[in-house]
Each structure stands twice: as structure tokens, then as C-alpha cells.
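Survey of secondary and tertiary structure
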Amino acid sequence: MEALEIEHLCGQLYGGGVTGDQLRSVSQRLETFVSQANCLSQCRILLDRALTPYTQFFGATTLIKYFNRTSNQPAVSFTERFELRKYILEYLYKHNRSLAPFVLAELVKLYARLTKNSWFDLSPNTTNLNNEVYPFQTFTDDLLKFQIDPPHFSVALQLLIAILSEISIPNDEETSARAFSKHRKICISFRDTKLLDIYLFACQYLRDVIINQKKSLGLSTEFSDYPKTITSVQLQGDYYLVVEKLLSLGLACLTYDYLGTGSSIHDVDISDENQTLQVPLAWHDHIVDGSFYQLFFSYYFLFSNTSLVPVAISCLVQLSSVRRSLLNTNERLAVLNHMTHGIRLILEQAAGLLADEKSLHEFCRLIARLKSNTQLHELIRIDNYPLFIETLFRFTIDHLLSVHHHRQYHLSPNTLHYILSFWSKIVAFLSHSSKLSESTSLSDSSTSHLLDIYVPQIVCYYVQSRLDALNTDDVLYMELFDNDQTILQQQLEMISIMSRLDYKKTCALLCTCFDDLAQQYQQAVNSETVERRFTFLIYVLGCVIGARGITLTSLSIPTDDQDLFDGELVVRVLQLMTYIQQKTAGETQTNNKNGINIAITTTTDKIGSTPYSERLELAVLFFFEQFRRQYIGDHGRSNKIYQVLFKHLGIVDEEQLLSIFIKKLFTNLQYSTITDKLIERTVGCFSDLSQGYQSVRRLVKLDPIQYFINNHTQELFPFLHHSSTTKRSNNSNISASSWSRLRTTFYAAVGRIPTMASLDEIQSLIIGIVRDLRGLCSAFVSKQAYASLFDWLYPSYLPLFLKALYVFYDRSDVYNPLLKFFHELTSNRQERLAFDSTKPNAYLLFRETSNLLYIFQTKTIVHVNVTIPESDGVLFYKAKLKPIITCLRIIRACLIGNYVNFGVFHLYSDPCFDNCLQVFLSILTSIKQAHLLSYPKLTIAYFTLIETLSLVQSDFLANLRTPLFGYVLETISEGFLSPDQTVQNSCCIFLDTFLSYVFRSAKKSTAPASLMANVNEYGNLFRQILINLLNGIIFAECKNIYAVSKPLLGLILLNENQFFTEIKQQLLYGHTQAKQAVLSTALDKLMTGIDRTLTQVNKEHFTQNITQFRNDIQDSLRGMMINNINDLSSSMSSIPFSSSFLSTASAIATNVPVTIAISTLIPSSSSAAPVEELMTL
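Predicted, not measured: the structure shown is a model, and the values here were computed from it.

Thoughts on empty space enclosed by the protein
Applying the stated criterion to the full structure yields five cavities of 30 Å³ or more. Each pocket or cavity is described by its volume, and for the largest cavity that value is around 140 Å³. Forming the walls of the largest cavity are 14 residues, and the residues nearest its centre are Ser 320, Arg 332, Val 335, Asn 373 and Thr 374. In terms of residue count, the dominant contributor to the lining of the largest cavity is helix 14 (residues 329-348) (four residues). Residue classes in the lining of the largest cavity are distributed as seven nonpolar, four polar and three charged.

Following this line, the structure appears as C-alpha cells:
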């Protein structure tokens, strides 16, 4: 395509004004551009001659896509990549003022991607390995010329930030184990050679900015002297942008992935409160230097109400999370003093926080992170602790807990979460009374934590302010009660911990509020607002009771006395429940205290009715759940609480109270109009009640349970029949799948009760039957119960499930739960599949299971392979991968169940066992290796089955046809690179078993020809696995070295001729002479005292050798690293980007191993084939 045509197409693609079909056509034409042979030169022409920024953007993105392709990277020579890098720098230097922001961002990303991908590339002119030169690691020298003016300097900072982000976080193309391993090496190398200098460079320029601003304001230039009042200095646009990017650069350094784990600071699966800054030892002197903390605090006082403040506080958040092992006690106290002093001064001048929501949010993060990394006994020892804790208390009450405040924005619940987290965690530490008493004994005896003064006030203010605001504040109501009350429960969990500090005062407040609301609720004409407040208060009561197990030393009243206060709360909730039941039934009695046992004595009086208030019903269920966890169970007995319950309601023991709870749950199931949320919470509560041996013993004695078991028909309980429920309810939104899951959970709970329930009414619903049976089967863990279930199923009903699969082979909604049921049926949990020796039940069960799998192979797999496209990810997983995972689990459950002797099938020419193995082979041929390694559940199911097959049927795997064996061996090779130790261990067991079988067969001269053909065909792959394992032992952490050593000995013996020649040279290549000497000596000692056999004793001796080998390597490399760090610290300059900037980079880089693809290290041919070596043993 010509340049003008590309200009026109880019204008259509990015400029808009075209229809959907035209847009797809243009996109398809431009996508072919990246596949052209002269793509690099064409993209440079586009950038030079572009008339619009859209063409520039297309050229930059095309180059990024080109280098993202793994197949293109070896095709581009070092010179071409280096020239392109220089071209991008020159282009940015000349055109940075005229470039559109989105074009500049893509060019910066391209420069960072090139730098990372070529990080370990040696210069072609390098001839001496002792003077290794890595041209792409000298990017800092290339950026020196960008310091001429602020616009150019801003581009240089943006380049540094992009490089930090690119190297720290793996991109989308680095998902495989091999690519991630390369990413981790680059990440660690950058950390050790560049990161600290970049951080110091950013901080030095940030210091200069503060000093210049203080001079212009006539203030002291000492960083410890903060201004008395906050100011908002206005900088010129270009200079402001430079300062903002300098702060972002410092934050990028502090949020760097120091350990190379591939996780960033923004990962959602890592709790923000548990983040730790894993800085190396070389950072120690700069972490203890108080000027760094004073520097970032100064930006709040000088640049208030600007976007610089949130970034500066974010830097302080990271500095407060430095790992504790880096500092000793005195250093930690000094750092804590710097942090708390700055926080206190900000609290005293909080106007800057209240004017900016982001600044307030980051400041609250700082306070929460401070407690996450500091204990109370350390916090008490800071200077002016009483003033600090009082100032923080006033700020919490006046500005954070206040619902109606003069702030111009609504306070985010996440911001409030951080400040409540600080108070709750600092209160929870009071349970560690020994550390606190030890700390106070060493310090002034008059020092106190003062929490007993401030925390109860925070609790009272939180509850009272929310109750008052819920009258009119719809925003607060939606915030607390949306999304399944997640935010509300998170806040109340922290408030409940704080409430235990002065529990008597808290309960008095809650009882008073409850009595006032109860009176308003009875008298109110429109109860909407009162119900809101009542609902919130019941959730508070539930969380407060749920914190019963927390003991806060001598400040809290004894547990028995706390139970008395809990009894007062329970009495009020039970009375409210009685009132709700009376309202539902249309009764008018509201003052009958003894009505608690009258309103719900029957279980049929609510049929056809509707819950009076669903929000109150949900709150009551939540309260019951919290009460059950603390007072009902094997360890929750308390006599004190029943004294209060008997006094007010006549409830004398746990069984009577439990009966009331069960009646309430069954009453909810009788409502004809009910939402999925209420019915799901009801079924969940009943399921939790049936957990545990003692709980089941209590439940079976209750009359409501017996009544339900004998009368659970759809007429009495509409919940049990979905069609009946939907007909009677116009508001029901329970889907068929959700209803089926709830029924499965419900019958699993019923199945835990010794008396079985009849299932005759649900035989017409296949999905409901298999879900219900799966729930029942999971509960039958005893031999007698399982035997009764099997006798009932076979031969009357079990063949019907095979016919159901044969008919509904194309419906994933049917065969998925059906396969899961058979997986549960074949699982020998707690040795329950121990049948009488005179009965063939175990063989009959396996035969039916094998027939089921055979139907799945011949019908379902064939169907999904033809009709289900891979492009539809959700459908592809549900219809194909999900049932395959279950089938693999079924095969493994049969093999490891130890209830069938599989040799019997061969003896009597029964094909069931062979059919089962053929299903496994059919599954292998129907899924790609990429899918096998991309879905974690599928990966675990496959590798655990491979492990089991290698132990049970090692000859089956070893004698597979050559393509299938190669497929399995390639997956084993990838499995060794997996971060999951379960997968690695399975690979080790397979390879150890396979090699032992090979050597054992060769020794007896009974090795089949197919076995020797497989070994000879994939000799290079065996050597590749050997090199990967040795590299992992030498350079990685290798936590499972005992498991790895087993197959490693067999691999070495299999490649013995090449081990001390070619493989040893490959392991040493790319290292300095000092490292080569260490590795060579250790490798020579590896086989000392080892015989050429794979006996168990010989393997144990080799395990000792490999452990000693790793220790020797690690000790030697650790000594070299310490010497390098000392050299780095002594030669480090305080101001980078000068003539001495990163002067030690080349010296340190000589110790960084060269990353070379394993595939290029494997020789194309060897002097002796593995089979020939094997036959000589």
C-alpha cells in the first residue's frame, strides 16, 4: 500500500464518519500491513512523511505489534533494532512539541518495549566475555541531551516511567512460563543496576523544586521546617508538568516489582493493607534518611489543592510499607517519628485534604498502611503520641464520620474503610497484652494508649450519625445496602471490634436506639424510613455479637458478663421477629411478649403470603447467622445468655431457641412471593446449621425438622417446585439454574440428617435429580450410607442416567451436572466404597462409569468439536472444556479409588478399562496444548491424572504412539516451568516413573520397540528438560528439590555422554569466568559416588548430592552478589544524569547471565543416540 492510501485509511479508522461495515473493512486492510516483509522501513517512512497524527499513531502501534510477535524477534537483527531505537529518540527529540499526546504515548511505549526485549543482547563487537557490553542498557546516557528545556525533559521522564512500567509488569505476550522466566531475569537485573539511581535522581530534582519555592517565599530551606500555613504555589505549565512527572517517576520506583513475581501494586488479588515494599539492602541508607519523608510531606504544604499532593502522599504510602526486616528497632522508631510528625501537621492543617477528594483518599491510605506495618507498642513510643492520637480522633469525628459536612464531594466508602481499618487494627492489638505491657514498662509509666477514651466515642458517633442520616440520605442508603451489603459488612466488622473495648457502653447505646426505633415502627404510618434505620441497626447488632471471641485484656469486661449484654440484644431481635410475623399474618397483637412461641408454632400458616418487609427479613437472617457462629455449635455454649432469654421470653435452652430459628427458616420457604436473595440466604443459613456432628444430633430431635421430612411437598413448600413458584409470584426473578443450585444445597443439608427424604416427586426433572443426588451423595461419607444409596440406584435407576446422556448429549446444561454427579459417586472419600467381598458392586460401578465416559467420547466430544467455535470463549469453556475437566477427574477418581482390580477386566476380556483409557486419548486429541496450559482447572486435572496413570499404568503411557507420546512429553516440559508446585510435582513423578520403567525394561531386555522409539525420537526434548531443571536448581528458588532430584538422575544417565560435554558447556555459557569456575566445580562433584542405576538407595544418594550442589552454588553466588552490592554502594553518585550517571552499570552488568532461548542451545544432532546409551547400561 502507498503512503497516501494509508493516510486515507487511517483517517477513516480513527477519525470516524464511517459505517460499521466500512470500519471492519478498513481495519482488515490495515491489519495486513504488519505482515509485510518491509514493515520496519515502511513504518519509518510513515512516521517521517505523516500528514496527520492518525498516521503517526498507526505507524507506532504497528511497530509495537511487530515486535510483540515472537516469530519476528529473531528475524530482526541487532543492528536494525538498535538503529530503530536511535531513530525513535531522534524523532522524539525533534518533534516532541508537535506530537499528539496519544502518538507520544505509543512511541514511548515502543521505546520501552525495545529496551526490554533487547536488554541482554550483547554488542556484535564484543569479543572478550570479561568486557561484555549491553548497548540497550545504556538508555540513561542517551537521555542526557533531553535536559535542555522543560518540554524535552518531560519527554525524558515519560520515557523513564514507561521503561519502569514495561520492565516491572509482564505484558500480554509474556504469559508462557519461558517468557515469564526471561521477564523475571530482566526485572531483577534492572532492579540491581538502574532502579536506585533513577529514584535518587528524581528525589534530587524534587528537592531542588522545594528549595527554590521556599526561597521565593522567604522560608527556611531546611526540610524539617514545615510551613506554618499551607500554600498553593502556581508553577508555569511546562515546569508543573515536569514536577508532576518527577513525582510519578519516584512513585513508579517505589511501586516496582522488586521480587519479579509479575504482580503490580494495583493487582486486585493483593490486599492494599498487606502490601510490603521489598526493597533490597542497598536501599537501607536512603530508607532511614528522614529527608526523603520530609521532602514528600513538603509538597502538601507548598502545593496544596494541586494534583501533585495525591502523588506525593502515594509515595509516602509506599515508604511506610518498607519490610520490617530492613530496619532495626531504633531505625524503625526514627522513621515512625518522621511519618507521624508529618501526619500530625497535616491533620492540624486539614483544609488541603478537605478540598481534594484524591488527596484525602491517599492520606487515609497512609494512615491505614502505617498501622499495617507498625504495632501499637511501637506507636506509643513516638514523640507526642497523646497529641497525635487526639488529633487523629478529632479529624475522624469531624471530617470522616460526619455524613453531612461542608465537603463539596461525597466521601468515598473506600476512604472511610482505611481510617476505620486503622482504629480497628490498633484496638485488636490490645489482645496481645504481653507486648504492650513490656513496651510500657520500658518507657514512661504514665504513657497510655488512650484508646479507651477515644474509640468508644467513635463507635457511638458512627452508629448514631448513620441512624440519623438514613432518614433522608438516599445516597448513603444505596451505598450501604447495594451489592449484597458488602460495604456495610466491611465497615461493621471493624466497628464491632472497636465496640468490644467498652462493651457495656456500646450495648447501652444499641438498646436505647433499638427501643426508640421499635416505638416509632409501631406508630409510624409510613414505615419506609424507620425500616431503613431498623435494618441498619440489626446489621450492627449482628456484627457486634459476631465479635464475641475478641478479648481485649483487662479493658474489656469478662466473657460471661458480655454474654448477658448479648442476651439483651437477642431478646429485642426475637421480639422484632415476632412483630414481623404478626404483621405478615395480618394480626394486630403487637405487645404480647410471649408471642414469640405463638406466632410461628405451625409451618403452614404462611402459604400464599408475602414477607412484610424483605429488608428486615434479610437483616434478621444475618443476625441469626452471626449468633449461631458464636452460641450454637460444638464450642459456643453459654449459660449466661439463656438466663436473660428465660427472663424475658421463657426460652430455657439451646434446643428451644434452635427450634425457633428452624421454624423461621421454613416459614420463609413457604412464602409464595419471594426473591432469590431472601431464599438464597434462607437456604444458606439452613445449610450452615446442618454442619457438624453435634449440630446434626440436635437438629434431628426438633419437631420442625421431622415435620418437613414427612411433608415436604410443593403444596406446603412452593420453593421446592420452580414452576409453581413462578406461577404464584409475579416478582420472582429466580432463574432455573439458580433454583437448581439452591435445591442441591438444600437437599445436601437435609441429607446430612440421618432420616432420608423421599425424592419421588423430582424424577421427571433430570437436572434437578442429578443435582439433588449429588448433594445427598456428598453427605454420605459412611460405608453404610453409601452402600444404601448404591443399592437404591443400581440397577433400577443408574442406567437411566446413561440414557439421559445419550439423548441430551448436545446440551451442556444436562451433561455438566450429570458428569459432576458421577464424579461424586466414584470418589472414594473416607474409604466409603468398601463393599462386601461377596458383592461385585465396585466392578458394576466402574462398568457403568466407563460406559458413561464412552458415550461422552462418541457423542458429546464429536458434537462439540464440530459445532462449538473457539472464538466464543464462554460457550467453548462451558460446552467443551468444563465437561472434559470433569471426565479427567472421574478417570482419576476411579484409578486412585483402590476399590477395583483392573487386571480382572483383561483376564475376562472385558473392554471397560480399555474404553476408559481410550476416552483419555480421545480427550488429548481434541484439545490444544495452549488450552491445556491456559485454564488452571484443566491444567490441574490433566497433570494429576498423568501422575496417577504413571503410577497405576506406567506401560500405557510409555508405549503410546509417537505423536501422542510427544504431546504428553511436551506438556511435561511446559509443566516443569509452571509456578504451581502441584503441577511440577506431578511432572516429576511421571518422569521418574517413566525413566525407571525404561531402565528396568532395558535391563531385562524386554523393552518394547515402541518404547525405545519414543525415547530415541524425543532425545532432544529430554535434554531440554534436563537443562531446564538444572537451571531451576542453580538460579531459581526450587522449593521442591527433593521431588526434582528423582527424575533428574534418570535424565543425566539417559544423556550421560553429553552431560559433561555439551550440556555442561551450555550451562556455563553466558557467565563470567568466576561463575563458570564455580559452576564447573559443582557439576563435576554432582555424580560423585552415584551408580548407573535407578534404585531407591541410589536416588537418595543423588538427592543428597544435588542438595549439596545447590548449597555450594548459592553460597558462592551470594558471596559474589554481596561484593557487587558493596562495589555499587561505594561508587554511587547522588545526582544521576551527569557524566558519572550510572557509571557502575557496565561493571555490574558483567554478572548478569545472558538469556538465550533453550531451543537454540539444544544441538541438532548428537554423537550417540539415547537408545544406544541406554543399551550399554
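Picking up where we left off.
So, the nonpolar core
With 245 residues, the main nonpolar core has Tyr 199, Tyr 299, Trp 423 and Phe 746 as its most contacted residues. For this core, the leading source of residues is helix 9 (residues 177-217), giving 14 residues. Among all residues touching Tyr 199, those that are not within four sequence positions of it are Gly 250, Cys 253, Leu 254, Trp 283, Phe 292, Phe 296 and Leu 319. Ile 923, Ala 941, Leu 964 and Leu 1011 belong to the second largest nonpolar core, which has 119 residues in total.

Digging into the packing of aromatic side chains
Centre-to-centre distance and the angle between the planes together describe a pair of aromatic rings. In this structure the tally under the stated criterion is 63 aromatic pairs. Ring centres 5.6 Å apart and planes at 20° place the aromatic pair Tyr 877 and Tyr 935 in the stacked group. With Tyr 877 in helix 40 (residues 873-896) and Tyr 935 in the loop between helix 43 (929-934) and helix 44 (936-952), the pair connects residues that are 58 residues apart, well separated along the chain. By the ring-pair criterion, three or more aromatic residues cluster together here, those being Trp 119, Phe 139, Phe 190, Tyr 199, Tyr 256, Tyr 258, Trp 283 and Phe 292. Taking the ring centre of Tyr 93 as reference, the NZ or CZ of Lys 145 above it sits at 5.1 Å. Here Lys 859 stacks its cationic end above the ring of Tyr 806, 4.7 Å away from the centre of that ring.

Quick look at the environment of Leu 665
Within the element layout of this structure, Leu 665 appears in helix 29 (residues 654-670). Overall, the relative accessible area of 4% leaves Leu 665 in the buried class. Spatially, the C-alpha atom of Leu 665 lies 5.8 Å from that of Thr 682, the residues being 17 residues apart in sequence. Once residues within four sequence positions are removed from consideration, Leu 665 is found in contact with Leu 621, Thr 682, Cys 685, Phe 686 and Leu 689.

A few points about the pattern of salt bridges
Applying the stated criterion across every chain yields a total of 26 salt bridges. Here Glu 824 makes a salt bridge to Arg 829, at a shortest N to O gap of 2.5 Å. With a relative accessible area of 30%, Arg 829 lands in the partly exposed category. Connected through salt bridges with shared partners, the residues Arg 324, Arg 332 and Glu 378 form a single ionic network.

Concerning the side chain of Arg 85
Considering the arrangement of structural elements, one finds Arg 85 in helix 5 (residues 78-95). We classify Arg 85 as buried; its relative accessible area is 0%. Within polar-contact distance, the side chain of Arg 85 engages the side chain of Tyr 111 at 3.3 Å. If we ignore the near neighbours within four places in the chain, the residues touching Arg 85 are Tyr 111, Leu 114, Thr 115, Pro 135, Phe 136, Thr 138, Phe 139 and Asp 142.

Notes on helix 29
In a regular helix each residue adds 1.5 Å, so 17 residues correspond to 24 Å; helix 29 covers 25 Å between its end C-alpha atoms and thus fits that length. Buried residues dominate helix 29, accounting for 15 of its 17 residues.

About the cut-offs
Residues numbered from 1 in each chain as written. Predicted model: local features only at pLDDT ≥ 70, side-chain atom pairs only at ≥ 80, totals over all residues. Heavy atoms only, no water. 1 Å grid on protein atoms, 1.4 Å probe; cavity = no way out; pocket = protein on both sides within 12 Å on 5 of 7 lines; lining within 4 Å. Points joined across faces, edges and corners; volume = space filled by probe spheres on them. Helix = DSSP H or I, 4+ residues; strand = E, 2+ residues; numbered from the N terminus. Nonpolar A, V, L, I, M, F, W, Y, C, P; charged D, E, K, R; others polar. Core = buried A, V, L, I, M, F, W, Y, C linked by side-chain atoms within 4.5 Å. Buried < 20%, exposed > 50% of the residue type's maximum accessible area, 1.4 Å probe, protein only. Contact = heavy atoms within 4.5 Å. Phe/Tyr/Trp six-rings, centres within 6.5 Å; stacked < 30°, edge-to-face > 60°. Lys NZ or Arg CZ within 6 Å of the ring centre and 35° of its normal. Salt bridge = Lys/Arg side-chain N within 4 Å of Asp/Glu carboxyl O. Polar contact = N/O pair within 3.5 Å; in protein donor to acceptor, adjacent residues only side chain to side chain. Expected span 1.5 Å × (residues − 1).

All quantities given are derived from atomic positions and should not be read as evidence of function.
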